[in-house]
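Spelled out from the first residue to the last, the chains are:
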Amino acid sequence: MPGHWVYPSCTGEGYVNPMRIMWIYDGKTPASSPPALAMQAVSRLQLPAAVADTSPQASSLTVNVPTWLWVDAAMWHALTATATAGPVSATATATPYEVLWELGDGSRITCHGPGTPWSASAAANDPSGCSYTYSQSSANQPQGTYTITTTVYWHVTWTSKGAPGGGDLGLIPGPSTQTTVDVQEVHAINRDPSS
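In this text, all values refer to a predicted model and were calculated from it rather than measured experimentally. (Residues numbered from 1 in each chain as written. Predicted model: local features only at pLDDT ≥ 70, side-chain atom pairs only at ≥ 80, totals over all residues. Heavy atoms only, no water.)

Each helix and strand counted, the protein has 1 helix and 15 strands in total. When burial is assessed residue by residue, the protein has 38% of its 195 residues classed as buried. Look at the contacts in the protein between residues 6 or more apart in sequence, and 63% of them connect residues 24 or more apart. On the protein, roughly 11,100 Å² of surface is accessible, and the fraction owed to carbon and sulfur atoms is 52%. (Helix = DSSP H or I, 4+ residues; strand = E, 2+ residues; numbered from the N terminus. Buried < 20%, exposed > 50% of the residue type's maximum accessible area, 1.4 Å probe, protein only. Contact = heavy atoms within 4.5 Å. Areas by Shrake-Rupley, 256 points an atom, 1.4 Å probe, with all protein chains shown as cover.)

The next thing to look at is the nonpolar core. Ranked by internal contacts, the top residues of the largest apolar core, which has 36 residues, are Leu45, Trp101, Tyr134, Trp154, Val156 and Val181. Of all the elements in the fold, those that place two or more residues in this core are helix 1 (34–43), strand 7 (67–71), strand 8 (79–85), strand 9 (88–102) and strand 12 (146–161). (Core = buried A, V, L, I, M, F, W, Y, C linked by side-chain atoms within 4.5 Å.)

Two strands pair when backbone bridges link them, and strand 8 and strand 9 are joined in this way by 7 bridges, in the antiparallel orientation. Paired with Thr84 across the bridge in strand 9 is Ser89. Between strand 8 and strand 9, which follow one another and run antiparallel, lie 2 residues, and Gly86 among them has a positive phi close to 65°. (Pairing = 2+ DSSP bridges.)

Next up on the list: the sheet that holds strand 7. Strand order in the open sheet formed by 3 strands is 5-7-11, and the pairing between neighbours is antiparallel. Since the sheet does not close on itself, it has two edges, and those belong to strand 5 (52–55) and strand 11 (131–132), each with one partner. Sheet analysis places strand 7 next to strand 11, joined by 2 bridges and oriented antiparallel. When the sheet's bridge partners are listed, Thr67 is paired in strand 11 with Tyr132.

The subject of this paragraph is the packing of aromatic side chains. Using the criterion set out here, one finds 2 aromatic pairs in the structure. With 4.9 Å between their ring centres and 90° between their planes, Tyr132 and Tyr134 make a pair best called edge-to-face. Among the residues examined, Tyr132 registers a relative accessible area of 14% and is labelled buried. Since its relative accessible area comes to 1%, Tyr134 is described here as buried. A ring pair is formed by Tyr134 and Tyr146, whose centres lie 5.2 Å apart and whose planes are at 5°; its orientation type is stacked. Residue Tyr134 is located in the loop between strand 11 and strand 12, and its partner Tyr146 is located in strand 12; the two are separated by 12 residues in the primary sequence. (Phe/Tyr/Trp six-rings, centres within 6.5 Å; stacked < 30°, edge-to-face > 60°.)

Okay, here's the thing in structure tokens:
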């Protein structure tokens, strides 16, 4: 049958990963081709929005005091979805990879993992944690607050059955969430105890 070889690739966050070479009949990509089914499977993944939290609480952050950041660890697991057409199927697997925190003051940090919820027993320099220290209060911002935007990026791969296929689709962002925080500046007054 007439056709040609194609070398499909998909763009991920910041880089491109090629998929396996495949033969396409009549110059068309049938709906049952593994790459087409892989894209259907990706659209069915239903990546959850991050449930973000801070310590201190969002209403009482302080300049020059580290703010702990984390997302609900219950979402930190792989998700899969499958699309099928006749004897051919493709399964997409998304694994949480990193969390992008946009802090509202122009700063951004990336944490590899969900972060560690603060507790009295947690070490202040816990390497598994994620934190940020504001250098300026939010008093001069609109509504007197900063808005933190949190996005989990998922590493997505796919495999196929019934026909050759599979590959790496790179990093795909899940839905972002926003948290309004009030960053205050605390002033201390030093007095001479003899006065």
